[in-house]
Amino acid sequence: MDDGSTDESPGAATPETGDALGAMLREYHGGGEGVELIERDDGWIGISAGGAFYFADYDEWPEPDRRALDRVEGRVLDVGCGAGRAALALQERGHDVTAIDVSPGAVEVARDRGVEDARVVDIADVADEFDPGTFDTVLMLGNNFGLVGTAETAPDRLRNLATVATDDATLVAQSRDPVATDDEAHLAYHEYNRERGRLPGALRMRVRHERLATPWFDYLMAAPDTMAELTSDTPWDLVDTIEPEEGLDPAGGDYVGLLTVER
């Protein structure tokens, strides 16, 4: 089975499979640089915002992220918590927060930083881990709507999130319009995806840090109309978006979707 990896040069060292994200967060938490590389299945490699993003205080967040946090109510499920930046900010506001991440290292760092309830849970397993109707808000900041995976896996994962949400819950989900770019490497990848019958913003990727690389996984960037389409067969309904004020999104395309439950 093709896992999307690229050929290596003869004799070249290959990264070890492991918790690269957790290793990066541990390093940054310990006073290091915390450099995170994103590798895509077409061979493209880029440097992420790294530790500075995962550990940023609320007043250092992008403006849409701060506005999104104001839409959070009640008990919260923080999906893809990373080092716990959102969970900590919400705890300070008095919210009961359960923070989940597939990375054991991320959960370890989040706990060490003061997140009271941080657990290693995959988004695909939330309906098995939590009782129905538990959460008033499901939070997916940091472009973590992407954790729905692919157009094929998204509906089931969104339904599972709806199962553990209350009847008047809100899903606060950050994503990006993938085609809002003039980067030729990204535009070529969009076309590569279309040729494979995938959405333009469907990423097959892995995270790398020093000698470690996570397993390959799917991550989805979705414009608002795509988000609405992906949720159309689920209990979630896209009712509004939070977009950056003019001039505050130089890369273009970032937004936060606000969705409510309709059973």
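Predicted model only: the values in this text are computed from it and were never measured. (Residues numbered from 1 in each chain as written. Predicted model: local features only at pLDDT ≥ 70, side-chain atom pairs only at ≥ 80, totals over all residues. Heavy atoms only, no water.)

1. With respect to unusual backbone geometry
The test is simple: For helices the rule is a DSSP run of H or I covering at least 4 residues; for strands it is a run of E covering at least 2, with both sets numbered from the N terminus onward. Burial classification: accessible surface area is computed with a 1.4 Å probe over protein chains only, and a residue below 20% of its type maximum counts as buried, one above 50% as exposed, and the rest as partly exposed.
In the Ramachandran plot, Asn143 falls in the positive-phi region, its phi being about 60 degrees despite a non-glycine side chain. Turning to its location among the elements, Asn143 is positioned in the loop between β7 (135-140) and α7 (154-163). On the basis of relative accessible area, Asn143 is assigned to the buried category, the value being 14%. Backbone geometry places Glu210, a non-glycine residue, at a positive phi of 50 degrees. By the element assignment, Glu210 lies in the loop between β9 (202-209) and β10 (212-213).

2. Describing the environment of Leu139
Selection criterion: We call two residues contacting when some pair of their heavy atoms lies within 4.5 Å.
Assignment of secondary structure puts Leu139 in strand β7. With 40 residues separating them along the chain, Leu139 and Ala99 place their C-alpha atoms 9.4 Å apart. Setting aside anything within four residues of it in sequence, one finds Leu139 in contact with Leu69, Val72, Val76, Leu77, Asp78, Val79, Ala86, Leu90 and Val172.

3. Observations concerning the UniProt feature "domain: Methyltransferase" (unreviewed entry) in the protein
Under the convention used in this document: UniProt positions are given in the numbering used here, feature names are shortened, and annotations may be inferred rather than shown by experiment.
When the UniProt feature table is mapped onto this chain, "domain: Methyltransferase" (unreviewed entry) is found at residues 76-151. The span residues 76-151 is 28% helical and 24% strand by assignment, and the distance between its end C-alpha atoms comes to 25 Å.

4. Quick look at α7
Worth spelling out the cut-off: Summarising the geometry, the arc corresponds to the directions from the helix axis toward the C-beta atoms.
Within the sequence span of α7, burial applies to Ala154, Pro155, Leu158, Leu161 and Ala162. Projected down its long axis, α7 shows its buried positions confined to an angular sector of 125 degrees, all on one face. Elements that come into contact with the buried residues of α7 comprise β4 (76-79), α6 (126-129), β7, β8 (165-176), α9 (224-231) and β12 (236-242).

5. Digging into the environment of His29
Inspection of the secondary structure assignment puts His29 in helix α1 (residues 20-29). Overall, the relative accessible area of 35% leaves His29 in the partly exposed class. Counting along the chain gives 66 residues from His29 to His95, while the straight-line C-alpha distance between them is 24 Å.

6. Re the environment of His95
Applicable threshold: Whenever two N or O atoms come within 3.5 Å, that pair is a polar contact, provided that in protein one can donate a hydrogen and the other can accept it, and provided that, for residues adjacent in sequence, both atoms are side-chain atoms.
Among the structural elements, His95 can be located in the loop between α4 (85-92) and β5 (97-101). The class for His95 is buried, based on a relative accessible area of 18%. The spacing of His95 and Val72 is 23 residues in sequence and 8.9 Å in space, taken between C-alpha atoms. Not counting residues within four places of it along the chain, the set of residues in contact with His95 comprises Val72, Glu73, Gly74, Val76 and Leu90. Within the structure, His95 has its side chain in polar contact with the backbone oxygen of Gly74 (distance 2.9 Å).

7. Observations regarding a negative patch on the surface
The condition is simple: What goes into a patch is any residue over 30% in relative accessible area without a salt bridge, connected to like charges within 9 Å or, for nonpolar side chains (Val, Leu, Ile, Met, Phe, Trp, Tyr), within 5 Å. Surface accessibility in these figures is a Shrake-Rupley result with a 1.4 Å probe; residues are shielded only by whichever protein chains are displayed. Basic side-chain nitrogens of Lys or Arg form a salt bridge, by our definition, when they fall within 4 Å of a carboxyl oxygen of Asp or Glu. His is not counted, nor are the chain ends, whereas Lys and Arg count as positive and Asp and Glu as negative. Charge coordinates come from a single atom per side chain, which is NZ of Lys, CZ of Arg, CG of Asp or CD of Glu.
Where like charges cluster on the molecular surface, the negative patch consists of Asp57, Asp59, Glu60 and Glu92. Secondary-structure assignment places Glu60 in the loop between α2 (51-54) and α3 (63-69). A relative accessible area of 54% means that Glu60 is categorised as exposed.

8. Notes on the sheet that holds β7
Filter applied, for reference: In this analysis, strands are considered paired if DSSP registers two or more bridges between them. Axis lines are fitted to C-alpha atoms, over the contacting stretch for helices. Their N-to-C directions set the angle, which ranges from 0 to 180 degrees.
Ordered in space as β6-β5-β4-β7-β8-β13-β12, the seven strands form an open sheet in which the pairing is mixed. Each edge of the open sheet is held by one strand with a lone partner, namely β6 (118-120) and β12. The sheet shows a mean angle of 20 degrees between the axes of neighbouring strands, direction not considered. One ladder, built from six bridges, connects β12 with strand β13 (residues 254-261); its direction is antiparallel. Bridging across to β13, Asp237 finds its partner in Thr260. α4 contacts β4, β5 and β7 of the sheet and is inclined by roughly 175 degrees relative to β5.

9. Some thoughts on the nonpolar core
Our working definition: Definition used in this section: a nonpolar core is a set of buried Ala, Val, Leu, Ile, Met, Phe, Trp, Tyr and Cys residues joined via side-chain atoms within 4.5 Å.
Counting 30 residues, the largest nonpolar core has Leu77, Val79, Met140, Phe145, Leu161, Leu171 and Trp236 as its most contacted members. Elements supplying a minimum of two residues to this core: β4, β7, α7, β8, α9 and β13. When near neighbours in sequence (up to four residues on either side) are disregarded, Val79 contacts Ile100, Ile123, Val138, Leu139, Met140, Asn144, Leu147 and Leu161.

10. Some words on the confidence of the model for the protein
Convention followed: On a range of 0 to 100, pLDDT expresses the predictor's confidence in each residue.
Summarising the model, the protein shows a mean pLDDT of 92, and 92% of its residues fall at 70 or more. Scored below 50 in pLDDT, residues 1-11 makes eleven contacts in the model with residues more than four places away or belonging to other chains.

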